[in-house]
Each structure stands twice: as structure tokens, then as C-alpha cells.
Amino acid sequence: GATMSKLARVMAQMEGFKLQKVNFNLSILVDSTIRLIAPELKKKSLEIDNTSLLTDIEIYADRDLIEVVIRNILNNAIKFSQIGDVIKLSTELENDMIVWCVRDRGVGMKEEQINELLSLEYVISNSMLGTKMEKGSGLGLQICKEFTRMNGGDLTIKSKEGKGTKVCVRVPASRILCSN
């Protein structure tokens, strides 16, 4: 019905969309995204801990799509964090995949909410308000999941109510790295 029209439209427009996959540095893209959202972080006195972020991580993907994914996930973490919280970023290498995770200590979600969020029948009106009553549509995460999938990866969410959420994006490591 009407609930899916927005997402369906986005997806339909992307049917003819050609991915432009390149090898690029994920850590640099993450850093520049953090600089972009600095005002949002400041508003809630949030800190980003990226000490366990590997630098010089090259991935093979469409840069623009991954940028949307990163920005969306960071924005969500900000939205659901309490004032003064720390958002922790991490990366690890898993076979030929890079796993980039964002962990917040925010409001968290129930298992059903996660399943609902990642299901295709997601109803946008159900979306939760942020800690400062920021509005949000779960559309953000659905687009992230779709964009990640289009790049040969996947997106997972682990969460506990009241304890926070960890969103992980798994994308192919750079072709150069893999061939060594």
C-alpha cells in the first residue's frame, strides 16, 4: 500500500542505476562524514571514539552509496544517543570483507523492532523519536541495507532496550587487498 510507495519509488529509480565501484579508503570517508555532522554532535555534546578504527582501510564499492550509508547510520546513532554519550566506531577484517560498526549507548530497540525495520513491509509511521524528540523514518536504515546489499555486502543490527544499538555494515575489501 501507500506505506511502501516512498521506498518503492527510490528503488524503482535505482533499477537502471549503474554502480560505480572503485577501490577507496573507507577511513577517510568516515572522517569526512564525521566532520560534516560535527554540529549535530556538538548539539548533544556527543563524542565519537574511533580509536579502534583501522586507518588505511580500502574497500571496493560505490563511494556515493557508501557515503549515504555511513551518514545515515551515524545520524541514527546521534539521534538515539543521550546527551554526553560516546558513539564508538570500529572496523575489522573478516576474510575478504571489511566490517564497519557504529555502537551507541542510546535507547536501543526490541528484537521485533529490528526485524520490522529490516523487513520490506516496514511502516514508516511507526518510527521512533530520538532522545530530543527528533523525528526519523526507518527508511534511512532500509536504504542503508539496500545500498549495502547492492555493493555485495550486508547490514546487521544488534540492540538491547535501554542499552544501545550496534549497527554493522559488511562490505568487500579492496580488490588490491584481496589479491595479495
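Structure first, text after, so check above.
Residues numbered from 1 in each chain as written. Predicted model: local features only at pLDDT ≥ 70, side-chain atom pairs only at ≥ 80, totals over all residues. Heavy atoms only, no water.

Trainee: Please set out the overall build of the protein chain residue by residue, giving values where relevant.
Mentor: Counting its secondary structure elements, the protein chain contains 7 helices and 7 strands. N-terminal to C-terminal, the α/β element order of the protein chain is α-β-α-α-β-β-α-β-β-α-α-β-β-α. Partitioning the contacts of the protein chain with sequence separation of at least 6, the portion at a separation of at least 24 is 75%. In the structure as shown, the protein chain presents an accessible area of about 9,700 Å², 52% of it carried by carbon and sulfur atoms. (Helix = DSSP H or I, 4+ residues; strand = E, 2+ residues; numbered from the N terminus. Contact = heavy atoms within 4.5 Å. Areas by Shrake-Rupley, 256 points an atom, 1.4 Å probe, with all protein chains shown as cover.)

Trainee: Provide a residue-level description of helix 4 (residues 63-80), including the pertinent values.
Mentor: With 18 residues, helix 4 should reach 26 Å at 1.5 Å per residue; the first-to-last C-alpha distance of 26 Å fits that figure. Backbone nitrogen of Asp64 and a side-chain oxygen of the N-cap are separated by 3.1 Å at the start of helix 4; the cap is Asp62. (Expected span 1.5 Å × (residues − 1). Polar contact = N/O pair within 3.5 Å; in protein donor to acceptor, adjacent residues only side chain to side chain.)

Trainee: I'd like a rundown of empty space enclosed by the protein, residues and numbers included.
Mentor: Tallying each qualifying case throughout the model produces 1 cavity of 30 Å³ or more. One number sums up the size of the largest cavity: a volume of about 50 Å³. Secondary-structure elements contributing two or more residues to the lining of the largest cavity are helix 4 and strand 7 (164-172). In terms of residue count, the dominant contributor to the lining of the largest cavity is helix 4 (3 residues). Taken together, the residues that form the lining of the largest cavity break down as 7 nonpolar, no polar and no charged. (1 Å grid on protein atoms, 1.4 Å probe; cavity = no way out; pocket = protein on both sides within 12 Å on 5 of 7 lines; lining within 4 Å. Points joined across faces, edges and corners; volume = space filled by probe spheres on them. Nonpolar A, V, L, I, M, F, W, Y, C, P; charged D, E, K, R; others polar.)

Trainee: Mind laying out the environment of Ile87, listing which residues take part and the relevant values?
Mentor: Counting through the fold element by element, Ile87 comes out in strand 4 (residues 86-94). Here Ile87 falls in the buried class, since its relative accessible area comes to 0%. Taking C-alpha positions, Ile87 is 5.7 Å from Arg103, a pair spaced 16 residues apart along the chain. Setting aside residues no more than four positions away along its own chain, Ile87 makes contact with Leu41, Leu46, Glu47, Ile48, Asp49, Ala77, Ile78, Ser81, Val102, Arg103 and Asp104. (Buried < 20%, exposed > 50% of the residue type's maximum accessible area, 1.4 Å probe, protein only.)

Trainee: Tell me about the pairing of strand 6 (residues 154-160), and name the residues and values.
Mentor: Burial of strand 6 is one-sided: the residues Leu155, Ile157 and Ser159 facing one way are buried, the residues Asp154, Thr156, Lys158 and Lys160 facing the other way are not. Both strand 6 and strand 7 contribute to a ladder of 7 bridges, which runs antiparallel. Considered in strand 7, the bridge of Asp154 is made with Arg170. The loop that links strand 6 with its antiparallel partner strand 7 comprises 3 residues; one of these, Gly162, has a positive phi angle of about 80°. (Pairing = 2+ DSSP bridges.)

Trainee: Can you break down the packing of helix 2 (residues 26-36) against helix 4 residue by residue, with the values?
Mentor: In contact at an axis separation of 10 Å, helix 2 and helix 4 are set at 50° when each is read in the N-to-C sense. Of the possible angle classes, the one that applies to helix 2 and helix 4 is oblique. Relative to helix 4, the crossing made by helix 2 is right-handed. Residues Leu26, Leu29, Val30, Thr33, Ile34 and Leu36 of helix 2 pack against Arg63, Ile66, Glu67, Ile70, Arg71 and Leu74 of helix 4. Its residues assigned to classes, the contact of helix 2 with helix 4 comprises 8 nonpolar, 1 polar and 3 charged. (Axes fitted to C-alpha atoms, helices over the stretch in contact; angles between N-to-C directions. Parallel < 35°, antiparallel > 145°, perpendicular 65-115°, else oblique. Left-handed = near helix turned anticlockwise from the far one by under 90°.)

Trainee: Describe the state of the cysteines, naming the residues involved and giving the relevant values.
Mentor: Counted by the stated rule, this structure contains 1 disulfide. Note that Cys101 is cross-linked by a disulfide to Cys168, the S-S spacing being 2.0 Å. The disulfide joining Cys101 to Cys168 has a torsion of about 110° about its S-S bond and is therefore right-handed. With Cys101 in strand 5 (residues 97-104) and Cys168 in strand 7, this pair connects stretches of sequence that are 67 residues apart. On the basis of relative accessible area, Cys101 is assigned to the buried category, the value being 4%. Classification of Cys168 as buried rests on a relative accessible area of 11%. (Disulfide = S-S within 2.5 Å.)

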